[in-house]
Every structure is written in C-alpha cells, then in structure tokens.
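Each chain, written out:
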Amino acid sequence: MSDLQGRVALVTGATRGIGLAVAVELAREGATVLMNHRGKPERAQEALARVRAIQPRARLLQADIADSAAIEDMFRSIRHDHGRLDAFVNNAGITQDGYALMMGEAKWRKVIDTNLTGAFLCTRAAARLMARRRTGAIVTVSSTSAVRPPVGQANYAAAKAGTVALTQALAKELGPYGVRVNCVVPGFIDTSMTRQIPSDRLAENLRHVPLGRIGRPQEVASAVRFLLSDAAAYVTGSSVVVDGGLIC
Ligand code: NAD
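Only a predicted model underlies this, so the values are computations on that prediction, with no experimental measurement involved.

Cut-offs and rules
Residues numbered from 1 in each chain as written. Predicted model: local features only at pLDDT ≥ 70, side-chain atom pairs only at ≥ 80, totals over all residues. Heavy atoms only, no water. Helix = DSSP H or I, 4+ residues; strand = E, 2+ residues; numbered from the N terminus. Rg over C-alpha atoms; globule rule 2.2 N^0.38 Å. Buried < 20%, exposed > 50% of the residue type's maximum accessible area, 1.4 Å probe, protein only. Contact = heavy atoms within 4.5 Å. Areas by Shrake-Rupley, 256 points an atom, 1.4 Å probe, with all protein chains shown as cover. Lys, Arg positive; Asp, Glu negative; His and termini not counted. Charge placed at Lys NZ, Arg CZ, Asp CG, Glu CD. Salt bridge = Lys/Arg side-chain N within 4 Å of Asp/Glu carboxyl O. Polar contact = N/O pair within 3.5 Å; in protein donor to acceptor, adjacent residues only side chain to side chain. 1 Å grid on protein atoms, 1.4 Å probe; cavity = no way out; pocket = protein on both sides within 12 Å on 5 of 7 lines; lining within 4 Å. Points joined across faces, edges and corners; volume = space filled by probe spheres on them. Nonpolar A, V, L, I, M, F, W, Y, C, P; charged D, E, K, R; others polar. Pairing = 2+ DSSP bridges. Right-handed = clockwise from strand over helix to strand, strands pointing away. Near = heavy atom within 4 Å. Phe/Tyr/Trp six-rings, centres within 6.5 Å; stacked < 30°, edge-to-face > 60°.

**With respect to the overall build of the protein**
Scanning the protein for helices and strands turns up eight helices and seven strands. Since a compact globule built from 248 residues should have a radius of gyration of about 18 Å, the 17 Å found for the protein is in line with a globular shape. Across the 248 residues that make up the protein, the buried fraction comes to 51%. When contacts within the protein are restricted to residue pairs at least 6 apart in sequence, long-range pairs at least 24 apart make up 74% of them. As presented, the protein carries roughly 11900 Å² of accessible surface, and 52% of it is formed by carbon and sulfur atoms. Measuring between centres, the 31 positive side-chain charges of the protein sit 3 Å from its 21 negative side-chain charges.

Structure, rendered in structure tokens:
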C-alpha cells in the first residue's frame, strides 16, 4: 500500500498542466486530493471528474491564491472538513513577460503576488495545520528561470528564485515540527504556459536540452510524489531539478 494512502493533499492550480498531473498522481497513490482552482468552473469540473475516476474522495476548492482572504477561507474549510493536511503542493503560477525596462509595476506585482506571496501565504497556512500534528510535507513548483533567468522574465525569475529561498528558510524553521519543505525545479514542460512561447523560440530553447525534448507534466508529478512520500523522509530544503539536463 502507498504511504500516501488516505492522506489529505492540497494542490493549487490543479485543473490543468502540472497541477492536474500532480492531482492524478496523488489520487493514484490513494490520497484524498483537494484541487484548488481560481475560476473557470467547467474546466474545474472536467478535471475533477478525471481525478474522481481514480479516487472518488477528490474535491474542488475555489480560491485565488493572489488573494490573502481567499486563502484564509480555503484553509478554514480544510480545517473544518478534514481537520488535517498531510501534503501540500504550491503549484499555481503565472507568467507576464516583458523587458524589465518597459515593465510596469502592475505586471511586476501580479507575478510576485501570485508566484511568491501566494506561495508564502499558502505554505504558512498549510504549515500551521501540519505543525500541530508534527507531520507533513510541502513541495513548491519553482522553475529553472530561478537559476537561469531568461530575457523578459525578471518578474517571474525573481519570484521563482524567491520560492527556492523560501523553501530553504522554511525547511529550517519547520524541520523541528516534523514538516519537510522541498521544491521541484522544472525546465520546459509541455503545458499552456509553454504553448504561449512562439514555436521557433521554443525549438531554439529545446536545442539546449541534453535529452532533446520538452518535458511532460507527469515527469514533474513523479518528482513531486517522491518528495511527498515517506521515501523522501530524510529530504528537506532540497530542490529537485526536472529539466532534461537544461541547467546542468
Ligand atoms: P498552466 O498555466 O497550465 O497552469 C497554471 C495553473 O495555475 C492554472 O490552472 C491556473 O489557473 C492556476 N493559477 C494561476 N494563477 C492562479 C491564482 N491566482 N489562483 C489559483 N490558481 C491560479 O501552467 P503549468 O506549466 O502547469 O504551471 C504550473 C506551475 O509550474 C507554475 O508555478 C509554473 O510557474 C511552473 N513551471 C512551469 C514550467 C513549464 O515549462 N510549463 C516550467 C517551470 C515551472
């Protein structure tokens, strides 16, 4: 039996891309998956149906993770309905690219608010639930942009680098409470996010990937599953790079 069997796991931005792949993976392991989404009820229902076909206890939790009040409401409902949280995946994220010299403050703040502040507020709320029971595991989805920032992604790269530092800082603070905190660092993964990149530019980027192809969302989900599982019981403060060798 999987050690995630019967555990309660929350995934943000869980209705497509990497988040949905993680939700599917955790459902296969027998976890009760709480699938956060921001809006788009039809897409959310479709994603829920896919995950429920594997694990019927899955449910949706609507909240904009750039909104602190919405985050508080979401965690209040988890505390009320489940009384615990065993695994948390900070996955929701956005890009709003542009050259820094021309980047307005709104674009900067939107990406920082979602990708970094949202990750902090969610992690803090998750950790409070976990620390009470002296057990839990948190994984944040960072990016290779954190360590190799591409031109036009100052906001995204800064936010994702922040999540790596946040992971390490929180691993130190939460270790004594039995809570592990890690991150995955994906390279180019085939999702809506990379489909926004013009195909010639994406092809040029993929030339620098030793494995010679774009990654699949399930390949990130496998790393997340490992970090959440008891197989990673002595792993905290780590970054697992899933990039086909891009930054090695
Ligand atoms: P995606 O755009 O398909 O998925 C992002 C998800 O986050 C969507 O479901 C979206 O609705 C949700 N989301 C965005 N803002 C939100 C908010 N304020 N509140 C709640 N949900 C919100 O892209 P993806 O590639 O699956 O991205 C998942 C994560 O992986 C992101 O953090 C992204 O930065 C990271 N990442 C992606 C790649 C890649 O190549 N695709 C590479 C490195 C890191």
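**Details of the side chain of Asp243**
When you line up the elements, Asp243 lands in the segment after strand S7 (239-242). For Asp243, which is buried and forms no salt bridge, the nearest opposite charge comes from Arg148, at a distance of 7.0 Å. A distance of 2.9 Å separates the side chain of Asp243 from the backbone nitrogen of Gly245, its partner in a polar contact. At 2.8 Å, the side chain of Asp243 forms a polar contact with the backbone nitrogen of Ile247. Filtering out sequence-adjacent residues up to four positions away, Asp243 remains in contact with Thr144, Pro186, Gly187 and Val209.

**Digging into empty space enclosed by the protein**
By the definition in use, this model includes one cavity of 30 Å³ or more. Its boundaries defined by the atoms lining it, the largest cavity holds a volume of some 40 Å³. In terms of lining, the largest cavity is formed by Asn90, Asn91, Ala92, Thr114, Asn115, Ala119, Thr140, Val141, Lys160 and Thr163. If you list the elements that add at least two residues to the lining of the largest cavity, you get helix H4 (105-133), strand S5 (136-141) and helix H5 (154-174). Examining the composition of the lining of the largest cavity, we find that three residues originate from one element, H4, more than from any other. Here the residues of the lining of the largest cavity sort into three nonpolar, six polar and one charged.

**Remarks on the pairing of strand S3 (residues 59-62)**
Two strands pair when backbone bridges link them, and strand S2 (residues 32-37) and S3 are joined in this way by four bridges, in the parallel orientation. Its bridge partner being in S3, Met35 is matched across the sheet by Leu60. Crossover S2 to S3 through helix H2 (residues 41-52) is right-handed.

**Quick word on the site of the ligand**
Within the structure, the ligand sits among 30 residues, and Arg16, Asp64, Asn91, Tyr156 and Thr191 are positioned closest to it. Here an oxygen atom of the ligand and a side-chain polar atom of Arg16 are 2.8 Å apart. Taking 820 Å² as the accessible area of the ligand by itself, protein coverage stands at 97%. Elements represented by at least two residues in the shell around the ligand include exactly helix H1 (17-28), H5 and helix H6 (192-195). Sort the elements by how many residues they give to the shell around the ligand and H6 lands first, with three residues. For the shell around the ligand, the class distribution of residues is twelve nonpolar, 13 polar and five charged.

**As for the packing of aromatic side chains**
Evaluation of the coordinates by the stated rule reveals one aromatic pair. Summarising the aromatic geometry, the rings of Phe75 and Phe88 are spaced 6.1 Å apart at their centres and angled 75° between planes, so their arrangement reads as edge-to-face. Residue Phe75 is located in helix H3 (residues 68-81), and its partner Phe88 is located in strand S4 (residues 87-90); the two are separated by 13 residues in the primary sequence. What makes Phe88 buried here is its relative accessible area of 0%.

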